[in-house]
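Here is what each chain is made of, one letter per residue.
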Amino acid sequence: EAGVAQSPRYKIIEKRQSVAFWCNPISGHATLYWYQQILGQGPKLLIQFQNNGVVDDSQLPKDRFSAERLKGVDSTLKIQPAKLEDSAVYLCASSSADRTPRNEQFFGPGTRLTVL
Amino acid sequence: AQKITQTQPGMFVQEKEAVTLDCTYDTSDPSYGLFWYKQPSSGEMIFLIYQGSYDQQNATEGRYSLNFQKARKSANLVISASQLGDSAMYFCAMREGGNQFYFGTGTSLTVIP
């Protein structure tokens, strides 16, 4: 089966500019996650969707970050305006709706964002 | 409190030797799952091994095994016969019943020829 797709793979922008990332999860996966991974740290959950509804966005900086999953399939994450500290890898992951602990997340290749 | 704690920022191991990467966790949920992921320099997260809270035996997957000590809330990853390609970041993660996923800060493993 096809894995989680993300684009672009790399993005360089200047501070105060806007940027958007796209994610297409594995077919049939109801749950989609966006993570921010700053260099040298573990992934931090930004937002979790179940179908097209938000399950958890408690760590999403809502003054500048937004995300949507309108049709319950692919998703976009936007930063507007970007700050220097937003430089990170943005990882998208998906899993089935199964709520058992064994339910594994599958990760995309990530988008490496550099804010100058 | 941190849900997942990895106390070893960096580890070195000689090629062909075994290495243990530490992970402790914190949860009051009786049903949970523990995962280990490998992240090479290319950036993708690769699933390695899973241990369920109700599993009676320690999980094994090829050269990876998990030393699960439930009472101590630890889930250490053991890599046997290390290879140069094992050099990467390793993350311990936990899923609780609410479908939330928590990651540790990772351990950087370097395999020395």
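Residues numbered from 1 in each chain as written. Chains lettered and ligands numbered in written order. Predicted model: local features only at pLDDT ≥ 70, side-chain atom pairs only at ≥ 80, totals over all residues. Heavy atoms only, no water.

1. Concerning the overall build of chain B
We apply this condition: The numbering of helices and of strands both runs from the N terminus, where a helix is a DSSP run of H or I of at least 4 residues and a strand a run of E of at least 2. Our radius of gyration looks at C-alpha atoms and nothing else; its globule reference is 2.2 Å times the residue count to the power 0.38. The buried label goes to any residue with under 20% of its type's maximum accessible area, the exposed label to any with over 50%, and the partly exposed label to all in between, with areas taken from a 1.4 Å probe on protein chains only. Whether two residues touch is decided by their heavy atoms; if any such pair falls within 4.5 Å, the residues are in contact. Lys and Arg are tallied as positive, Asp and Glu as negative. Neither His nor the chain termini are counted. Charge positions are represented by NZ for Lys, CZ for Arg, CG for Asp and CD for Glu.
Counting its secondary structure elements, chain B contains zero helices and twelve strands. Over its C-alpha trace chain B gives a radius of gyration of 13 Å, about what one expects of a compact globule, namely 13 Å for 113 residues. Looking at chain B as a whole, 47% of its 113 residues are labelled buried. Put simply, 53% of the contacts in chain B that link residues at least 6 apart link residues at least 24 apart. Separation between the mean location of the 8 positive side-chain charges and that of the 10 negative ones in chain B comes to 3 Å.

2. Observations regarding the overall build of chain A
Note the threshold: For every accessible area listed, the method is Shrake-Rupley and the probe measures 1.4 Å; residues are considered covered only by the protein chains on display.
Within chain A, the secondary structure is distributed over zero helices and eleven strands. Seen in sequence order, chain A has helices and strands lined up from the N terminus as β-β-β-β-β-β-β-β-β-β-β. Taken over C-alpha atoms, the radius of gyration comes to 14 Å for chain A, in line with the 13 Å a tight globule of 116 residues would show. Taking the principal axes of the C-alpha coordinates as reference, chain A spans close to 40 × 25 × 25 Å. The buried share among the 116 residues of chain A stands at 46%. Summed over all atoms, the accessible surface of chain A reaches about 5700 Å², with 51% contributed by carbon and sulfur. Across chain A, the centroid of the 14 positively charged side chains sits 4 Å from that of the 11 negatively charged ones.

3. Here's the deal with the pairing of strand 8 (residues 75-79) of chain A
Successive residues of a regular strand alternate their side chains across the two faces of the sheet. All names here are of chain A. Let me state the cut-off plainly: A pair of strands is labelled paired if DSSP reports no fewer than 2 bridges between them.
Every second residue of strand 8 is oriented toward a common face, the buried set being Ser75, Leu77 and Ile79 and the non-buried set Thr76 and Lys78. The sheet contact formed by strand 3 (residues 19-24) and strand 8 spans five bridges and is antiparallel. Residue pairing across strands places Trp22 opposite Thr76, the latter belonging to strand 8. Sheet analysis places strand 7 (residues 65-68) next to strand 8, joined by four bridges and oriented antiparallel.

4. Points about the interface of chain B and chain A
Our working definition: A 1.4 Å probe defines the accessible area here, and the buried area is the portion of it lost by two parts on being joined, summed over both. The salt bridge criterion pairs a side-chain nitrogen of Lys or Arg with a carboxyl oxygen of Asp or Glu, the two atoms within 4 Å. Side-chain atoms alone can form a polar contact between residues adjacent in sequence; in general such a contact is a pair of N or O atoms within 3.5 Å, and within protein one must be able to donate a hydrogen while the other accepts it.
In this assembly, 22 residues from chain B lie in contact with 25 residues from chain A. Buried surface at the junction of chain B and chain A, both sides included, amounts to about 1800 Å², of which 48% is carbon and sulfur. Across the chain B-chain A interface, the total number found is zero salt bridges. At the surface where chain B touches chain A, the tally comes to two residue pairs in polar contact (both at pLDDT 80 or more). Of all the secondary-structure elements, those providing two or more residues to the side of chain B that touches chain A are strand 5 (33-39), strand 6 (46-52), strand 10 (88-95) and strand 11 (101-103) of chain B.

5. Overview of the nonpolar core
Put simply, the rule is: By nonpolar core is meant a set of buried Ala, Val, Leu, Ile, Met, Phe, Trp, Tyr and Cys residues that side-chain atoms within 4.5 Å join together.
Counting residues in each nonpolar core, the largest one holds 24 residues, and the members touching the most others are B:Tyr25, B:Trp36, B:Ile49, B:Leu77 and B:Tyr90. With sequence-adjacent residues up to four places away left out, B:Leu77 is seen in contact with B:Val19, B:Thr20, B:Leu21, B:Trp36, B:Leu48, B:Ile49, B:Tyr64, B:Ser65 and B:Tyr90. Within the second largest apolar cluster, 21 residues are counted, among which are A:Cys23, A:Ile26, A:Leu46 and A:Ala88.

6. Examining the side chain of B:Gln39
In this fold, B:Gln39 is placed in strand 5. In terms of polar contacts, B:Gln39 uses its side chain to reach the side chain of A:Gln37, at 2.8 Å. Beyond its immediate chain neighbours, meaning those up to four positions away, B:Gln39 contacts A:Gln37, A:Leu91, B:Glu44, B:Met45, B:Ala88, B:Met89 and B:Phe91.

7. Digging into the state of the cysteines
In protein chemistry, a disulfide is the covalent bond that joins the sulfur atoms of two cysteines. Residues and elements named next belong to chain A. Our working definition: Note on terminology: pairs of cysteine sulfur atoms within 2.5 Å are recorded as disulfides.
Considering all chains together, one arrives at two disulfides over all chains under this definition. Paired by a disulfide, Cys23 and Cys92 hold their sulfur atoms 1.9 Å apart. The S-S bond linking Cys23 to Cys92 shows a torsion near -70 degrees; that makes this disulfide left-handed. Taken together, the positions of Cys23 in strand 3 and Cys92 in strand 9 (residues 88-95) put the pair 69 residues apart, joining distant regions of the chain.

8. A look at the pairing of strand 12 (residues 107-112) of chain B
All names here are of chain B. Of the two faces of strand 12, only the one carrying Thr107, Leu109 and Val111 is buried; Ser108, Thr110 and Ile112 on the other face are not. Sheet analysis places strand 2 (residues 10-14) next to strand 12, joined by five bridges and oriented parallel. If you follow Met11 over to strand 12, its bridge partner there is Leu109. Pairing of strand 10 with strand 12 involves three bridges; the strand directions are antiparallel.

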